[in-house]
Structure formats: C-alpha cells, structure tokens
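A structural walkthrough
The residues making up each chain are set out below.
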Amino acid sequence: MIDDRKPSRRIFNVFNFLLLGIIMLITLYPLYYQFIVSISNGLEVMKGNVTFLPQKMTLDTYKQFLKGDLFMYMKNSIVYTVVGTAINLFMSCLCAYPLTRKSFSGRKFFTILVTFTMFFSGGMVPLYLVVKELKLLDTIWALVLPTAISTYNMIIIRTSFQAIPESLIESAQLDGANDVIVLWKIVLPLSKAVLATMLLYYAVAHWNDYFNAMLYINTKTKYPLQIMLRNMLIAGLFSEESGLSGSVATFTVTDATLRAAAIIVTTLPILVVYPFVQRYFVKGVMIGSVKG
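Everything quoted here is computed from the prediction, not taken from an experiment. (Residues numbered from 1 in each chain as written. Predicted model: local features only at pLDDT ≥ 70, side-chain atom pairs only at ≥ 80, totals over all residues. Heavy atoms only, no water.)

Right, let's get into the overall build of the chain. The helix and strand inventory of the chain stands at 14 helices and zero strands. Mapped from its N terminus to its C terminus, the chain presents α and β elements in the order α-α-α-α-α-α-α-α-α-α-α-α-α-α. Looking at the chain as a whole, 37% of its 292 residues are labelled buried. Nonlocal contacts in the chain, meaning residues at least 24 apart in sequence, comprise 70% of its contacts between residues at least 6 apart. Total accessible area on the chain stands at roughly 17600 Å², and carbon and sulfur atoms take up 68% of it. (Helix = DSSP H or I, 4+ residues; strand = E, 2+ residues; numbered from the N terminus. Buried < 20%, exposed > 50% of the residue type's maximum accessible area, 1.4 Å probe, protein only. Contact = heavy atoms within 4.5 Å. Areas by Shrake-Rupley, 256 points an atom, 1.4 Å probe, with all protein chains shown as cover.)

The next subject is the confidence of the model for the chain. A residue-level look at the chain finds 86% of positions with pLDDT of 70 or above and a mean pLDDT of 82. The weakest mean pLDDT in the chain belongs to helix α14 (residues 255–290) at 72; the strongest belongs to helix α7 (residues 141–144) at 93. Here residues 237–243 is a poorly scored stretch, pLDDT under 50, and it has 22 contacts once near neighbours within four places are set aside; other chains count. Predicted confidence for residues 245–249 stays below pLDDT 50, and this span has nine contacts to residues more than four positions away or in other chains. (pLDDT = per-residue confidence, 0-100.)

Attention shifts here to the packing of helix α5 (residues 107–116) against helix α8 (residues 151–162). Between α5 and α8, the least distance of the axes is 9 Å, while the angle of their chain directions is 145°. The two elements α5 and α8 meet at a crossing, and its hand is left-handed. Note on element contacts: α8 touches α5 through Thr151, Met154, Ile155 and Arg158, opposite Thr111, Val114 and Thr115. Considering only residue class, the contact of α5 with α8 consists of three nonpolar, three polar and one charged. (Axes fitted to C-alpha atoms, helices over the stretch in contact; angles between N-to-C directions. Left-handed = near helix turned anticlockwise from the far one by under 90°. Nonpolar A, V, L, I, M, F, W, Y, C, P; charged D, E, K, R; others polar.)

Should their charged atoms come close, side chains of opposite charge can pair. In the structure shown here, the tally under the stated rule is three salt bridges. For Lys56, the salt bridge is made with Glu44, and the minimal N-O distance between the two is 3.4 Å. You can see Lys56 sitting in the loop between α2 (42–47) and α3 (60–67) and its partner Glu44 sitting in helix α2, a full twelve residues away along the chain. Two residues, Arg101 and Glu166, come together in a salt bridge whose shortest N-O distance is 2.7 Å. (Salt bridge = Lys/Arg side-chain N within 4 Å of Asp/Glu carboxyl O.)

Turning to the packing of helix α9 (residues 166–174) against helix α10 (residues 179–187), a few remarks are in order. One can describe the packing of α9 onto α10 by two numbers: an axis separation of 10 Å at closest approach and a directional angle of 130°. Viewed along their axes, α9 and α10 adopt a mutual orientation that is oblique. The crossing of α9 and α10 is right-handed. Contacts between α9 and α10 involve Leu168, Ile169, Ala172 and Gln173 from the former and Asp179, Val182, Ile186 and Val187 from the latter. When the residues that make up the contact of α9 with α10 are grouped by side-chain class, the tally is six nonpolar, one polar and one charged. (Parallel < 35°, antiparallel > 145°, perpendicular 65-115°, else oblique.)

Turning next to the nonpolar core. By size, the foremost hydrophobic cluster in this structure holds 27 residues, and its most contacted members are Phe65, Leu70, Leu143, Leu225 and Met228. Setting aside residues no more than four positions away along its own chain, Leu225 makes contact with Leu70, Tyr73, Met74, Ser77, Trp207, Val265 and Thr266. (Core = buried A, V, L, I, M, F, W, Y, C linked by side-chain atoms within 4.5 Å.)

Attention now goes to the environment of Thr197. Assignment of secondary structure puts Thr197 in helix α11 (residues 192–208). Separated by 41 residues in sequence, Thr197 and Ile156 place their C-alpha atoms 9.9 Å apart. For Thr197, the side chain forms a polar contact with the main-chain oxygen of Ala193, separated by 2.9 Å. (Polar contact = N/O pair within 3.5 Å; in protein donor to acceptor, adjacent residues only side chain to side chain.)

This part is about the side chain of Asn212. With respect to the element layout, Asn212 can be found in helix α12 (residues 211–216). Take Asn212: its relative accessible area is 18%, and that puts it in the buried class. Within the local environment of Asn212, its side chain forms a polar contact with the side chain of Asp209, the two groups lying 3.2 Å apart.

Structure follows, in structure tokens:
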C-alpha cells in the first residue's frame, strides 16, 4: 500500500498537481479567452487590451445575436442533433444485439461485413448521388440517415452487450421472453454507461457537423448553427448568411467579438449536457477497451 505521508510521495503529488493544473489552464484558456472577448468592448479587443480579463464589459454582442437569426439556426441544430442521435442509438443497438447472439448463424459474416465499412466506402460523390436519387436533398433526412450508424461506436456497444452474462438472457428466454423483450428489458438497462457515452459521442458529432449541411442543405432557413459560425469565421458573411447585417456599425461590436460570441454559443450546449453523462463516461469507454 502506498504511503502518502512519505516526503518523496508528497513531492510527487505536488508535481502531478502542478503539471495537471498547467495542462488544464492551457486547455481551458482558449475557450476562456473567447468568452472574455465576447463580453468586452470591441474597441478594446482591437487595441489588444483583452488578455486575461474583459475590458469595458458589455453584452451588446449577444444582444446583436438576438436581433439576427440565431434562434432559427439554433433550433435547426437542436432538431438535427436530437433526431440524429436518437436514430444513431436505435440503429446501433439493433445492429449490435444480433452480433452478440451465438444463436445467430450469420454472426461472423455480418460482423466482418460491418467492420469492412470502417475501412472502405463508396466516397463522397456516390453518397451524394444516392441522397439525391432518394430525394433527400434539402431535408433533415439527408443529415441523419446516411450517418445512421457509426461502425466504431456500434462495436463498442456490441462489446458492452457481450459483457452481460449469458445465463441472465437464457433465464429470461426460458420465461418466454423473445429477443425484443430481452433487448428492451434486460440488455439496455444494464448498458446505461455505454449508451450514455455513445449518446455523447453521437450528439457531439451531429452538433459540430457542418460539412454535410453544406452538401445537402440549400435553403437558408434550414441551415444549422455551425453553418453560420463557419461563415463568420471563414467568409465573414454577416449580412446575408448570419442575419447580422449592420451589426458592426460601431466599435462596441466588431467582427472579433461576434466570432467569439458565436464560438461560445455553439460550444455551450455540449458543455451543459456533458456533466449529466460524465459519471457514465469513463465506465462506458473502459467497457469498449477491455474486451473486444
């Protein structure tokens, strides 16, 4: 047993705390900097006076967002994320469960077939043509159906299902439970940790996705929030794409403060969701790394 009272151990602990503290500050500072820029006077930001503390604090930047189409983009992103994540979890569980059943005669073949898709795909152009032929362009289904399953995440879920004792499932089947009841009543409740972890993975992927929206969505009113952020960060199209025309009329609100506020607004929802699944996160990830 390690004795924390030893001087060498105390020095080691102090060094660890300092090192981890420095790493934490380096990791958090970029996000903190964007936050203090977003609530600072734009003129002070232009002068380079904002480093560690906000200067001449103001909420004018966020007020300007309220005048634009922020809520429309936010609503679209929330809908795409919720629907996409629900489809991801549903399809991943339906695919993972049969691959754990020894009674499924084609289990090895389908496992190889599904794993094959991790390394080889048709490519972007064939996928676009498929979406177009199915008349999914400019609809929510173009964003959520082509990515209905992540093979890597599905394999992690399958590994979690395999950890459930076979005797427990056999007992339920002896009592008359079919595969649907076994999956819904036994397997899923015992796999909350991995499901919460996959929920976070899928939700973050959908929330951050902008490339598929660029390919498949043509109507401005259907754009997700990330399209607005991309245009602000790269193209600087405030007037037409972001609905923030006239927002840079004064030095109180500038391009820099608007970009910083956009980053905070798009990051905040994930930061809010994460604490609710944090207790499952480590356990869910470890399940996929121990057995497979």
